[in-house]
Amino acid sequence: MKYLIIYFFFFSTLSLSVDLTRQKPIVKTVYLKGKVGVNHYYDPNELIFLTGKLYKLTIKNVSDSKHYFGSDLFAKSIFTRKIQLTRNTKKVVEIKGIIYEVEVWPNEELEWWFVPIKTGIFSDLECSVIDNKTKLNHSEMGMQGKIIIK
Ligand SMILES: [Cu+2]
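This is a predicted model, so every value here is computed, not measured.

Caption draft 1: Focus on the overall build of the chain. Assigned secondary structure in the chain consists of 2 helices and 11 strands. Counting helices and strands in the order they occur from the N terminus, the chain gives α-β-β-β-β-β-α-β-β-β-β-β-β. Over its C-alpha trace the chain gives a radius of gyration of 19 Å, far above what one expects of a compact globule, namely 15 Å for 150 residues. Expressed as lengths along the three principal axes of its C-alpha atoms, the size of the chain is roughly 75 × 35 × 25 Å.

Caption draft 2: Region of the structure containing the nonpolar core. In terms of nonpolar packing, the biggest core is built from 17 residues, with Tyr42, Ile59 and Phe114 touching the most fellow members. Elements represented by at least two residues in this core include exactly β1 (26-35), β2 (39-43), β4 (55-61) and β9 (109-116). If you tally residues by element for this core, the top one is β9, at 3 residues. Every residue in contact with isoleucine 59, bar those within four places of it in the chain, is listed here: Val30, Leu32, Phe69, Val102, Val104, Glu109, Leu110 and Trp112.

Caption draft 3: Summary view of the sheet that holds β4. Read across the sheet, 6 strands follow the order β2-β1-β4-β9-β6-β7 without closing on themselves; strand pairing throughout is mixed. Lying at the two open borders of the sheet, with one neighbouring strand each, are β2 and β7 (90-95). Each adjacent strand pair in this sheet contributes to an overall mean axis angle of 20°, direction not counted. Of the pairings in the sheet, the one linking β1 to β4 comprises 7 bridges and is parallel in character.

Caption draft 4: Representation of the environment of isoleucine 95. Along the chain, the position of isoleucine 95 falls in strand β7. By C-beta crowding, isoleucine 95 is classed as partly exposed, having 13 other C-beta atoms within 10 Å. On a C-alpha basis, the gap between isoleucine 95 and arginine 81 in space is 8.7 Å, while along the polypeptide they are 14 residues apart. The contact partners of isoleucine 95, leaving out residues within four places of it in the chain, are Lys82 and Ile83.

Caption draft 5: Examining unusual backbone geometry more closely. The peptide bond linking aspartate 43 to proline 44 adopts the cis configuration, its omega dihedral lying at 0°. Structurally, proline 44 is set in the loop between β2 and β3 (46-49). Positive phi is not limited to glycine here, since asparagine 88 has a value of about 50°. Looking at the element boundaries, asparagine 88 is found in the loop between β6 (78-87) and β7. With 5 C-beta atoms packed within 10 Å, asparagine 88 lands in the exposed category. Phi is positive for lysine 135, close to 65°, though the residue is something other than glycine.

Caption draft 6: Representation of the environment of isoleucine 48 within the structure. By secondary structure assignment, the location of isoleucine 48 is in strand β3. The class for isoleucine 48 is partly exposed, based on 13 C-beta atoms found within 10 Å. Measuring from C-alpha to C-alpha, the distance between isoleucine 48 and isoleucine 117 comes to 13 Å, with 69 residues separating the pair along the chain. Contact partners of isoleucine 48, with chain neighbours within four places excluded, come to Ile148 and Lys150.

Caption draft 7: Layout of the pairing of β1. One ladder, built from 5 bridges, connects β1 with β2; its direction is antiparallel. Across the sheet, tyrosine 31 pairs through a bridge with aspartate 43, a residue of β2. Between β1 and β2, which pair antiparallel in sequence order, lie 3 residues; one of them, glycine 37, sits at a positive phi of approximately 85°.

The rules behind these values
- Positions within a chain are numbered from 1, following the residues in the order the chain's sequence is written.
- Given that this is a predicted model, residues contribute local features only at a pLDDT of at least 70 and side-chain atom pairs are listed and counted only at 80 or more, while totals for whole chains, interfaces and linings are drawn from all residues.
- Note on conventions: DSSP H or I runs of at least 4 residues are helices, E runs of at least 2 residues are strands, and numbering of each starts at the N terminus.
- For the radius of gyration, the atoms used are the C-alpha atoms, and the globule rule reads 2.2 Å times the number of residues raised to 0.38.
- Definition of nonpolar core: a set of buried Ala, Val, Leu, Ile, Met, Phe, Trp, Tyr and Cys residues joined via C-beta atoms within 7 Å.
- Exposed residues have 12 or fewer other C-beta atoms within 10 Å of their own C-beta, buried residues have 20 or more, and partly exposed residues fall in between, where C-beta atoms are placed from the backbone.
- With C-beta atoms placed from the backbone, a contact is any residue pair whose C-beta atoms sit within 7 Å.
- In short, DSSP must find at least two bridges between two strands for them to pair.
- Axis definition: a line fitted to C-alpha atoms, over the contacting stretch in the case of helices. Angles run 0 to 180 degrees between N-to-C directions.

The following block contains the structure:
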């Protein structure tokens, strides 16, 4: 009987296939920071993810400008489960599909749920919003980042 249970357990785990988008998510936060006319940046400006894990990346704008968070190379290396918006802890919007870039207004945030599928080092994370005072785009003022998928 004992061997039968071991035998059953061994083969039942072998034949299990898993929906990778239904794991418990690893939670990460990136802040969009800065001040008009002074600087703009991602904090942290380097993000590291592992393939096959589900992530809930909160993109939180704590600055006085709107910002983009986008990297084409990163977008091509992940499977997006959804973009989610919550208001007062209540879900209000879910967006599904391939996402290349998101734009977040001051004091707002969103969650990007995704599973990395391809490894790489992507240095094209940037924000192309123009600063009202300097007339430079935010990436020229420091808003650049790197995403690494291991
Ligand atoms: Cu920006």
